[in-house]
Amino acid sequence: MCVPVVAQLAQLEGDLEPLGQRAERIRTLHQAITLEDSTRVSPFADGDPLESAVQQWFIADGELAREWVETEDEAIIERRREGREAIRERLQEALEEVSQEVDQRLEQEGDLGERAPHCEDMVFVRSAVLEACETADSPLCEGARSQEPGGSFRFVDDPENLWDMDQLRPWSEPGRIGPTPEGGLGGSRTATLARRGNMSLVVSLGPLLRQRSVMTEEEIQEFEVNLETLGFDFQHPDFVMAPAITLHLDTPGRLADESEYILHFGDLSNPEEQVIFSLPAEEEGPIQATFPAPEWVLALLGQGEPMALTAVRFFEPDEELYEGEALYSLDITPVRQTETVGELLAYWAEGHFSEDLAALIPPAEDEIPR
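Residues numbered from 1 in each chain as written. Predicted model: local features only at pLDDT ≥ 70, side-chain atom pairs only at ≥ 80, totals over all residues. Heavy atoms only, no water.

## Remarks on the nonpolar core
Link 1 in the chain: Counting residues in each nonpolar core, the largest one holds 41 residues, and the members touching the most others are Ile 245, Leu 249, Tyr 261, Leu 263, Met 307 and Trp 348.
Link 2 in the chain: When near neighbours in sequence (up to four residues on either side) are disregarded, Leu 263 contacts Val 203, Ile 245, Leu 247, Gln 274, Val 275, Ile 276, Phe 277, Phe 291, Met 307, Ala 308, Leu 309 and Ile 332.
Link 3 in the chain: Membership of the second largest hydrophobic core comes to 17 residues, among which are Ile 26, Leu 29, Val 41 and Leu 50. (Core = buried A, V, L, I, M, F, W, Y, C linked by side-chain atoms within 4.5 Å. Buried < 20%, exposed > 50% of the residue type's maximum accessible area, 1.4 Å probe, protein only. Contact = heavy atoms within 4.5 Å.)

Spelled out as structure tokens, the structure:
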């Protein structure tokens, strides 16, 4: 799949490069106008109407500036302002034209945006790539044929070698809740990553926020009872909150005919006290799920008890027995788990999360709890 995808990406990158350079030049021209410094963009490109217009603006604006020094006529200031706004508007229109060209080019690629992420940061099997390259040409083919170490792509000689490639990332610093560049809320979350071959798993602990206006009284009561049981101080008239675990499994689908994935502590010898959550294995990935974390799970996480995700194949029930076979597991590192989970639980329990949320999304004056 990735041989044609990488080829298509390379062609797209080559086509978009001149447009990217054009956009960057327009931004530089705009900055030079703002700073009234033509040396930042000299020399101007010959034969380019936009560059010529900017050059002429600098000449005209310089003449107006000298005229104002001589006469101190206030009307000259207004003429300079109008000229500056006019050239800025022309630059903005040029930038929008470039953006439209980029959008039109991207539309020509069909579903490339959906297929490309499956080929990013992957380790490829050299023999499989070379087989696909018998009828195709791609930068990926060049990488597979090269005997030089390094390069843009990573390869293994045999598929079995993929399963020996492990990567673990310590639990991240949770931080306080705050706005994100996209306009949402972030922070107040700790996460860790486990990877084997081209399968990766991200597990995080964070707040599950829901608006009271879209919930039933029974659902709200359930959230509030849970917080009371945990001893968490959370006060906001518009939201309810619960600690939650989010799981993101980046996989192409079932690897070994598994029927479920189980997130658990320990060795699964005592499922009732070890299983955190299970979810069905899909034919295609990735898989993502979020579920409230009960008190016993939070306690074990805070104690540094390591977790694992195990793929299980369940057999048809035989009388009253429902048996399964563990096929493979992804171990999750406990490195920094105790510190980060403890810090996050204290942030929630002591009411600081509630205070920060109220500062970011203030409740109406008549809704503030007394």
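## Side note on the packing of helix α1 (residues 2-35) against helix α2 (residues 49-71)
Link 1 in the chain: Between α1 and α2, whose axes approach to 11 Å, the crossing angle comes to 5°. Here α1 is positioned roughly parallel relative to α2, judged by the angle of their axes. Residue-level contacts link Arg 22, Arg 25, Ile 26, Leu 29, Ala 32 and Ile 33 of α1 to Leu 50, Glu 51, Val 54, Trp 57 and Phe 58 of α2.
Link 2 in the chain: Residue composition of the contact of α1 with α2, by class: 8 nonpolar, no polar and 3 charged. (Axes fitted to C-alpha atoms, helices over the stretch in contact; angles between N-to-C directions. Helix = DSSP H or I, 4+ residues; strand = E, 2+ residues; numbered from the N terminus. Parallel < 35°, antiparallel > 145°, perpendicular 65-115°, else oblique. Nonpolar A, V, L, I, M, F, W, Y, C, P; charged D, E, K, R; others polar.)

## What about the sheet that holds strand β7 (residues 199-211)?
Link 1 in the chain: What the 5 strands build is an open sheet, ordered β3-β6-β7-β8-β11; its pairing is antiparallel. What marks the edges here is a single partner per strand, and that holds for β3 (166-169) and β11 (287-292). Direction aside, the axes of adjacent strands within the sheet are offset by 20° on average.
Link 2 in the chain: Sheet analysis places β3 next to strand β6 (residues 190-196), joined by 4 bridges and oriented antiparallel. Each residue of the ladder has a partner; that of Gln 167, found in β6, is Arg 195.
Link 3 in the chain: Each of β7 and β8 (239-250) is contacted by helix α7 (residues 217-230), which is oriented at about 90° to β8, the strand it contacts most. (Pairing = 2+ DSSP bridges.)

## Observations concerning the layout of surface pockets
Rolled over the atoms, a probe as big as a water molecule pinpoints where empty space is left.
Link 1 in the chain: Roughly 760 Å³ of volume is contained in the largest pocket.
Link 2 in the chain: Lining the largest pocket are 28 residues, with Met 1, His 118, Met 122, Asn 198 and Pro 252 positioned closest to its centre.
Link 3 in the chain: At the level of elements, α1, β1 (123-125) and α5 (126-132) are the ones that each hand at least two residues to the lining of the largest pocket.
Link 4 in the chain: Its volume calculated, the second largest pocket comes out at about 200 Å³. (1 Å grid on protein atoms, 1.4 Å probe; cavity = no way out; pocket = protein on both sides within 12 Å on 5 of 7 lines; lining within 4 Å. Points joined across faces, edges and corners; volume = space filled by probe spheres on them.)

## A few points about the confidence of the model for the protein
Link 1 in the chain: The pLDDT averaged across the protein works out to 90; a share of 96% of its residues lies at or above 70.
Link 2 in the chain: For the stretch residues 366-370, pLDDT sits under 50, and the model shows 6 contacts to residues farther than four places along the chain or on other chains. (pLDDT = per-residue confidence, 0-100.)

## Quick look at the sheet that holds strand β9 (residues 260-265)
Link 1 in the chain: Taken in spatial order, the 4 strands line up as β10-β9-β12-β13 in an open sheet, and their pairing is antiparallel. The open sheet has two edge strands with one neighbour each: β10 (275-280) and β13 (324-332). Here the strands of the sheet are splayed against their neighbours by 20° on average, with no regard to which way each runs.
Link 2 in the chain: Pairing of β9 with strand β12 (residues 307-314), which is carried by 6 bridges, proceeds in the antiparallel orientation. Across the sheet, residue His 264 finds its bridge partner in β12, namely Ala 308.
Link 3 in the chain: Across the sheet, helix α9 (residues 295-302) is in contact with β9, β10 and β12; its angle to β9 comes to roughly 60°.

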